[in-house]
Structures are given as structure tokens and as C-alpha cells.
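Commentary on secondary and tertiary structure
Take a look at the letters that make up each chain.
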Amino acid sequence: IHTITGIPCYYVEIRGDRVLFRTSNNEAAYTVTDLDGNVIFTCQRSDLSFLSDAEDSLLTAVLRTGSEWLPVLRILDRDGNPIATTVYGSAAQYGDRLVFADDASYRVTDLAGNDLLRLPRLRE
């Protein structure tokens, strides 16, 4: 374990002006800071990660209850605000575009979650 800017650190990842710290070895606990160490937000009971290798990468959180991981993926902006939620497990960021499926549609949005293209999912 390392302590960086007073935050316990079991894992660290940097994208642009955001630093993602895993703050517990046994729990799904994360802190996101700016480059000066100011805490932007914390996340408990979720596996938090950057969505892409881009400097402006969004974040994703896979929810956890107790010892079980739920098939719910939350897409967050760089300040931890929710953009979208999907139970279909994956999202991709391509530059300034976000691609994912929700329960009713396949979606292409901007990085704020505003629809650019929405196609209905076909059901049997």
C-alpha cells in the first residue's frame, strides 16, 4: 500500500486531469482527484474504471451488493455525475462519442449523454 496526497492507494490510474485511486484492497472503494490531489468524488460498492485510454475518458462503475456483482453498468462523467445506466454490460468511447445499449435502444450519444442516434432494439 502507498499513501499519495493522504489517500490510501492500492491502484492508481491517470487520464488527463483526473487520477483514479483504488482505496481498499478488500472492498470496491475508489477516490477520483484532480492533479493537485483535490477530491472530485468517491465511489463505494462499485468497480470504477476509465472507459478509454483518451485524456478526456469518461468513467464506468459496475455495481456491487455484498459479495455479488450486479450486471449494471453506470457511465459517469469526469466529475462522477451519471450519464447513463445499462444492464447490457459494455460501453465504448470513441473520441467525443459514446456507444452503448440500454433496455430499449442502441445509442450513440455525445459525452454528456445527449442522443445523436437511437435505434430500437428488436425483441423476439
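Going by the structure above, here's the rest.
Conventions used here
Residue indices begin from 1 for each chain and proceed along its sequence in written order. Reporting in this predicted model follows two pLDDT cut-offs: at least 70 for local features of residues, and 80 or more for side-chain atom pairs to be given and counted; totals over whole chains, interfaces and linings ignore these cut-offs and use all residues. To get the side-chain values, all heavy atoms of the structure are used, and hydrogens and water are removed first. Numbering of helices and strands runs from the N terminus; a helix is a DSSP stretch of H or I covering at least four residues, while a strand is a stretch of E covering at least two. Whether a residue is buried, partly exposed or exposed follows from its accessible area with a 1.4 Å probe, protein chains only, as a fraction of its type maximum: under 20%, in between, or over 50%, in that order. A contact between two residues is defined here by any heavy atoms of the two lying within 4.5 Å. Two strands qualify as a pair provided DSSP detects at least 2 bridges between them. Orientation is described by lines fitted to C-alpha atoms, with helices fitted over the stretch in contact, and by angles between N-to-C directions that extend from 0 to 180 degrees. One side-chain nitrogen of Lys or Arg within 4 Å of one carboxyl oxygen of Asp or Glu is enough to make a salt bridge.

Before going further, it helps to examine the environment of T31. Among the structural elements, T31 can be located in strand β5 (residues 29-33). Assessed through its relative accessible area of 8%, T31 is described here as buried. Sequence separation between T31 and C9 is 22 residues; the distance between their C-alpha atoms is 9.3 Å. T31 has contacts with I7, V19, L20, F21, T23, V39, F41 and T42, leaving out every residue within four places of it along the chain.

Strand order in this open sheet of four strands is β11-β12-β13-β14, and the pairing throughout is antiparallel. The sheet is open, and its two borders are formed by β11 (91-94) and β14 (115-120), each paired with just one other strand. For this sheet, the mean angle separating the axes of adjacent strands, direction not counted, is 10°. In this structure, β11 lies alongside strand β12 (residues 97-101), joined through four bridges in antiparallel fashion. Bridged to Q93 within β12 is L98.

With that settled, the discussion passes to the pattern of salt bridges. One pass over the full model with this rule turns up ten salt bridges. R18 serves as the salt-bridge partner of D79, at 2.6 Å between the closest nitrogen and oxygen. Remark: R18 occurs in strand β4 (residues 18-22) and D79 occurs in the loop between β9 (68-76) and β10 (82-86); sequence separation between them is 61 residues. Residue D79 is classed as partly exposed on the basis of its relative accessible area of 39%. D115 serves as the salt-bridge partner of R118, at 2.7 Å between the closest nitrogen and oxygen.

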